[in-house]
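Structural description and commentary
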There are 2 protein chains.
Amino acid sequence: MSVEAEQAAVEIPSLFDSRWVELPDHSKVVDPRTLPKGFRAGGVAAGIKPSGNTDFGIIVSDVEATTSAARFTVSSAPAAPVQVCRTRVDLAAIRAVVVNSGNANAATGPFGRDNAFYMQGAAAMACGAPENRVAVASTGVIGVQLDSRAIAKGASTVVRELKPDNALGFAQAIMTTDLWPKMATLKVELPSGEVTLSAQAKGAGMIAPLHGGKPQPHATLLAFIETDAAITAELADDLLGGAVAGSFDRVTVDAQLSTNDSVFLIANGASGVEVASNSEDAETFASALDALLTGLAISLVRDGEGADRIGRVTVTGGDSATCERTARAIADSPLVKTALNGGDPNWGRIMQSVGMALATGGPEQIDITIEGVEVASNGIANRFDVDALNEAVSGREVEYDVKIPGEGASSIVYFSDLGHDYVTLNAEYTT
Amino acid sequence: MSVEAEQAAVEIPSLFDSRWVELPDHSKVVDPRTLPKGFRAGGVAAGIKPSGNTDFGIIVSDVEATTSAARFTVSSAPAAPVQVCRTRVDLAAIRAVVVNSGNANAATGPFGRDNAFYMQGAAAMACGAPENRVAVASTGVIGVQLDSRAIAKGASTVVRELKPDNALGFAQAIMTTDLWPKMATLKVELPSGEVTLSAQAKGAGMIAPLHGGKPQPHATLLAFIETDAAITAELADDLLGGAVAGSFDRVTVDAQLSTNDSVFLIANGASGVEVASNSEDAETFASALDALLTGLAISLVRDGEGADRIGRVTVTGGDSATCERTARAIADSPLVKTALNGGDPNWGRIMQSVGMALATGGPEQIDITIEGVEVASNGIANRFDVDALNEAVSGREVEYDVKIPGEGASSIVYFSDLGHDYVTLNAEYTT
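Definitions and cut-offs
- Residues numbered from 1 in each chain as written.
- Chains lettered and ligands numbered in written order.
- Predicted model: local features only at pLDDT ≥ 70, side-chain atom pairs only at ≥ 80, totals over all residues.
- Heavy atoms only, no water.
- Helix = DSSP H or I, 4+ residues; strand = E, 2+ residues; numbered from the N terminus.
- Rg over C-alpha atoms; globule rule 2.2 N^0.38 Å.
- Buried < 20%, exposed > 50% of the residue type's maximum accessible area, 1.4 Å probe, protein only.
- Contact = heavy atoms within 4.5 Å.
- Areas by Shrake-Rupley, 256 points an atom, 1.4 Å probe, with all protein chains shown as cover.
- Buried area = accessible area lost by both parts, 1.4 Å probe.
- Polar contact = N/O pair within 3.5 Å; in protein donor to acceptor, adjacent residues only side chain to side chain.
- Pairing = 2+ DSSP bridges.
- Least-squares fit on C-alpha atoms with pLDDT ≥ 70 in both.
- pLDDT = per-residue confidence, 0-100.
- Phe/Tyr/Trp six-rings, centres within 6.5 Å; stacked < 30°, edge-to-face > 60°.
- Lys NZ or Arg CZ within 6 Å of the ring centre and 35° of its normal.
- Expected span 1.5 Å × (residues − 1).
- Axes fitted to C-alpha atoms, helices over the stretch in contact; angles between N-to-C directions.
- Domains from an automatic or database assignment.
- Salt bridge = Lys/Arg side-chain N within 4 Å of Asp/Glu carboxyl O.

**Regarding the overall build of chain A**
When you go through chain A residue by residue, the secondary structure sums to 12 helices and 17 strands. Against the compact-globule benchmark of 22 Å for 431 residues, chain A has a radius of gyration of 22 Å, which places it among compact chains. On the principal axes, the C-alpha backbone points of chain A span a range of 65 × 50 × 45 Å. When burial is assessed residue by residue, chain A has 63% of its 431 residues classed as buried. Counting contacts in chain A only where the partners sit at least 6 residues apart, residues at least 24 apart contribute 81% of the total. A total of about 14,600 Å² of accessible surface is found on chain A, and carbon and sulfur atoms cover 51% of it.

**Here we look at the interface of chain A and chain B**
Listed as interface residues are 62 residues of chain A and, on the opposing side, 62 residues of chain B. Here chain A and chain B share an interface that buries about 4,600 Å² over both sides, 59% of which is from carbon and sulfur atoms. The largest contributions to the chain A side of the interface with chain B come from Ser76, Gln256 and His420 of chain A, which together make up 13% of the buried area. Where chain A touches chain B, the interface holds 25 residue pairs in polar contact (both at pLDDT 80 or more). Those elements that place two or more of their residues in the side of chain A that touches chain B are helix H2 (80–88), helix H3 (109–127), helix H9 (334–341), helix H10 (347–358), strand E15 (380–381) and helix H12 (420–428) of chain A. At nine residues, the largest contribution of residues to the side of chain A that touches chain B is made by H10 of chain A.

**Some points on the pairing of strand E4 (residues 67–72) of chain A**
All names here are of chain A. Judged by how many residues are buried, E4 sits mostly within the fold: six of six residues are covered. Judged by which residues are buried, E4 turns out to be covered on both faces: Thr67, Ala69 and Arg71 on one side and Ser68, Ala70 and Phe72 on the other are all buried. Bridging between E4 and strand E11 (residues 262–267) involves six bridges; their strand directions are antiparallel. The residue of E11 that forms the bridge with Ala70 is Phe264.

**Topic: the relation of the copies chain A and chain B**
Placing chain A over chain B gives an RMSD of 0.0 Å and needs a rotation angle of 180°, together with 0.0 Å of translation along the axis. Interpreted geometrically, this transformation is the action of a two-fold axis. Among all residues of chain A, the minimum C-alpha distance to the rotation axis is found for His420 of chain A, at 2.9 Å. When you check the interface residues of chain A against chain B, 100% turn up at the interface there too, and the contact is symmetric in its surfaces.

**Focus: the confidence of the model for chain A**
In the predicted model, chain A carries a mean pLDDT of 91, and the fraction of residues at 70 or more is 95%. If you check the scores for this complex, the pTM reads 0.90 and the ipTM reads 0.88.

**What about the packing of aromatic side chains?**
Pairs of aromatic rings are described using the distance from one ring centre to the other and the angle between the two planes. Residue and element names in this part refer to chain A. Following the criterion strictly, the structure yields 10 aromatic pairs over all chains and no others. Between Phe170 and Phe224, the ring centres sit 5.1 Å apart and the planes meet at 85°, which makes this aromatic pair edge-to-face. Of this pair, Phe170 sits in helix H5 (residues 167–173) while Phe224 sits in strand E9 (residues 222–227); the two residues are 54 residues apart in sequence, bridging distant segments of the chain. For Phe170, a relative accessible area of 0% corresponds to the buried category. A relative accessible area of 1% means that Phe224 is categorised as buried. Of the aromatic side chains, those joined through ring pairs into one cluster are Phe72, Phe170, Phe224 and Phe264. Sitting above the plane of the Phe117 ring, Arg88 keeps its charged end 3.8 Å from the centroid.

**A look at the environment of Leu222 of chain B**
Residue and element names in this part refer to chain B. Looking at where Leu222 falls in the secondary structure, it is placed in strand E9 (residues 222–227). Overall, the relative accessible area of 2% leaves Leu222 in the buried class. Sequence-distant contacts of Leu222, defined by excluding residues within four places in its chain, comprise Val99, Ala137, Ser138, Thr139, Gln200, Ala201, Lys202, Asn260 and Ser262.

**Notes on helix H10 (residues 347–358) of chain B**
Residue and element names in this part refer to chain B. With 12 residues, H10 extends 17 Å between its outermost C-alpha atoms, agreeing within 8% with the 16 Å of an ideal straight helix rising 1.5 Å per residue. Burial analysis of H10 places 12 of its 12 residues in the buried class, which makes it a mostly covered element. Trp347, Gly348, Arg349, Ile350, Met351, Gln352, Ser353, Val354, Gly355, Met356, Ala357 and Leu358 are the residues of H10 that are buried. Looking one or two residues beyond H10, the residue adopting positive phi is Ala359, at roughly 50°.

**Points about the sheet that holds E4 of chain A**
All names here are of chain A. Spatially, the six strands line up as an open sheet ordered E1-E7-E8-E9-E11-E4, and their pairing is mixed. Only two strands of the sheet have a single partner each, and these edge strands are strand E1 (27–30) and E4. Averaged over all adjacent pairs, the angle separating strand axes in this sheet is 15°, with direction ignored. With nine bridges connecting them, strand E7 (residues 182–190) and strand E8 (residues 193–202) associate as antiparallel partners. Across the sheet, Leu186 pairs through a bridge with Leu197, a residue of E8.

**What to know about the side chain of Ser279 of chain A**
Its place among the elements puts Ser279 of chain A in the loop between E11 and helix H7 (280–302). Polar contacts involving the side chain of Ser279 of chain A include one to the main-chain carbonyl oxygen of Ala276 of chain A, which spans 2.6 Å.

**Structural notes on the domain arrangement of chain A**
When the parts come together, some accessible area is lost, and that loss is often what is quoted as the size of the interface. Residue and element names in this part refer to chain A. Taken domain by domain, chain A consists of domain 1 (12–302) and domain 2 (310–428). Opposite the 18 residues of domain 1 that make contact, domain 2 presents 21 residues. Contact between domain 1 and domain 2 buries roughly 1,700 Å² in total, counting both sides, with carbon and sulfur atoms accounting for 48%. For the interface between domain 1 and domain 2, the tally reads five salt bridges. Applying the counting rule to domain 1 against domain 2 returns 15 residue pairs in polar contact (both at pLDDT 80 or more). For the side of domain 1 that touches domain 2, the elements supplying multiple residues, two or more each, are strand E10 (251–252) and H7.

**A word on the sheet that holds strand E16 (residues 397–403) of chain A**
Residue and element names in this part refer to chain A. Pairing in this open sheet of seven strands is mixed, and the strands run E10-E17-E12-E16-E13-E14-E15 from one edge to the other. Since the sheet does not close on itself, it has two edges, and those belong to E10 and E15, each with one partner. In terms of strand pairing, strand E13 (residues 367–370) meets E16 through four bridges, oriented antiparallel. Following the sheet pairing, Thr369 is matched in E16 by Asp401. Lying on the sheet, H7 is in contact with E10, strand E12 (310–317), E16 and strand E17 (409–416); it crosses E17 at an angle near 45°. Docked against the sheet, helix H8 (residues 320–332) engages E10, E12, E16 and E17, running at close to 20° with respect to E17.

**What about the pattern of salt bridges?**
Residue and element names in this part refer to chain A. Applying the stated rule across the entire model yields 30 salt bridges over all chains. When the shortest N-O distance is used, the salt bridge between Asp17 and Arg396 registers 3.5 Å. One end of the pair, Asp17, is in the loop between helix H1 (3–9) and E1; the other, Arg396, is in the loop between helix H11 (386–392) and E16, with 379 residues separating them in the sequence. Residue Asp17 is classed as partly exposed on the basis of its relative accessible area of 41%.

**Some points on the pairing of strand E12 (residues 310–317) of chain B**
Residue and element names in this part refer to chain B. Of all the eight residues making up E12, seven are buried; the element is thus mostly covered by neighbouring parts of the structure. Bridge analysis of E12 against strand E16 (residues 397–403) gives seven bridges, and the strand direction is parallel. Bridging across to E16, Val313 finds its partner in Tyr400. Relative to strand E17 (residues 409–416), E12 runs antiparallel, the two being bridged by eight bridges. Within E17, the residue paired with Gly311 across the bridge is Phe415.

**Description of the environment of Gly408 of chain B**
Residue and element names in this part refer to chain B. Relative to the helices and strands, Gly408 is located in the loop between E16 and E17. With relative accessibility at 84%, the residue Gly408 sits in the exposed group. Separated by 296 residues in the primary sequence, Gly408 and Gly112 place their C-alpha atoms 47 Å from one another.

**With respect to H9 of chain A**
Residues and elements named next belong to chain A. Counting buried positions along H9 yields eight of eight residues, so the element is predominantly enclosed. The opening residue of H9 is Ser333, an N-cap whose side-chain oxygen sits 3.1 Å from the backbone nitrogen of Leu335. Where H9 ends, the next residue or the one after it, Gly343, has phi of about 65°, a positive value.

See the structure below:
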């Protein structure tokens, strides 16, 4: 089978098959392999992954006037590419991103930064963009130096793979323990005309974004978002910040913030449709971007390492910080996650995590609802149909609603379960 | 085999076989079945556990002048027995504790509190102590009402089992997923004379004490400590607080604070040896108590659900709160815990958790040492003998030392690994 035929045969799951994400009416899903106008992408095997799978990719906008926005991990041990992006890239005007998988280039010191510079320079030459407009990202094992010969090989061979319809080649090259490529392309009907919006992401393990404001921007996972709408860098930053806060910021696989999390939004204006600040265009574009990133975020959780079943917990109460802490406590509890894996409603473990998160000495009034069944009210067990609830939690998505004291605030977190495959992947392999 | 012969055949692992705990010279280990003078204990099967195993126990001091101290969970969903201890027990003068396993009596509301009162009253009658001097504790499944007939059966049948040499019967009755009884008895040579100090505890899952000062006392697990030294209630409280802070407060199995954690220290003076505040006696007694509780705490981690291998992490840096947060981040990381299970040094995952805990955006200077090998310095990977390190982390205890910026503060946490048995226990059974 030719490479083209192989690529055509790859199944790319929809990002919009969850009951928790809805595609707005003005947007429609098209072939995820196709990028917005003026973009090219591709990936090759540069020899970084021992498996020989593709591990080196570039995405590039061929338009000079391209604008961008980015978010990075708040980790105190940021990988070399993150450091290089922060210090040597014009983050408002990124035209290309070069990415490798199989090696995080983290905890690698000055030599690691040199390798990230080298990646940046080689990619700049390969795609004809200035160095300071080429961002760098890496994912894989921590504490091992990248082989600069692999970088050279990747940069020189990826050039001929860079094509407008090769988003899949790029998405595959950034995968590590992911089981499937996470990507979509949308046609979005704005009041001023049609634009295209696409995204590719990778996740699987070490997934739990941390919040961060503008001065210390945060990001999560590796995600790349492209559009042919014309958007100022300032608006791109606003749109990306809002969309990340409602999507990637809301997921956890294993409560572990990565050293490499990076998200990029690149807008090249090739559609000729301009999205102005505070316009109906901006509002419509934002709703499409929000849906796209929420779909990606849920897909990341669904493909969390070893994940079988996913949950969504909504905590409502008196203040945001307490709701957030409580929702995270539930979503990150190994007792709740193993129960989710086992298809066991076990709401007692939810009560226990809420008690831990509030830590007032109590007792506090806590209500717990699972799949619409209020199993506990005011901290006390209710009578309910156990068989019906057992059946309800055996599906692929389980919904938890928790009410803590107070009103007016809420927090939502999407999370994966904890099963044998997570342990197998992480105890038996160095990832 | 008679009950006595069966009990004599039970293997009770030593609490002092870890390199991380040392028994002071003035203390010696004696038969853990034997209680200090003036105490009796025992356990029976009251029919609470479906398995038919023992599930109901009492420990009692027969001395009127008995003093005590206690610590409880800071959970906002405290179990009924914890609520009853706080409101209806003279915590400075506890003479008896009645305990059941197989049911946590948590999230059970007013009816659950009635059952805890009933346990208290039945135990008071059974052992001849006033009701307000009988404390109550429970452990097991959350959200199910206790059967009051089982309580009646337990209280009426346990009476004839209460014996000075039956600490094992009591320790077995409080076990849930524990694989072995955790207990020890020490003879302690104080300057003023010899006293006896014993303790029984249960742990396994839902183990991660939270700190709490005096106004909101905290506790962990179920632990019962008895001595025939004469100690004022005030000194008992000081001694218990200090010992808990250095032992139970320092362990985590699954980062989950329980709804039922309770620790009791009961002193009856039957030895005739008085331990005065600020005396050499108090200092010597405190060092024995510290060693005993540290031994128990490490034993709880070693018998953490599914645990194979245990770790100790010491974080040193500029302030206590940051050291504590960093040590907990490492000890509670499923990535670090699965690597420990797999006998994989994988220090990159430690760097990642430290980066997450500090969350400054970095890069920060972080040193990581595993079993004496400095694997990373100033955030950068070192060269080291990989085979030697692999060998070193394959033992039953692994030592991690982490240096973060600053000096003068440190935090130690003991933790269990994460293996398939934890998932099996918690995904396949309602515990």
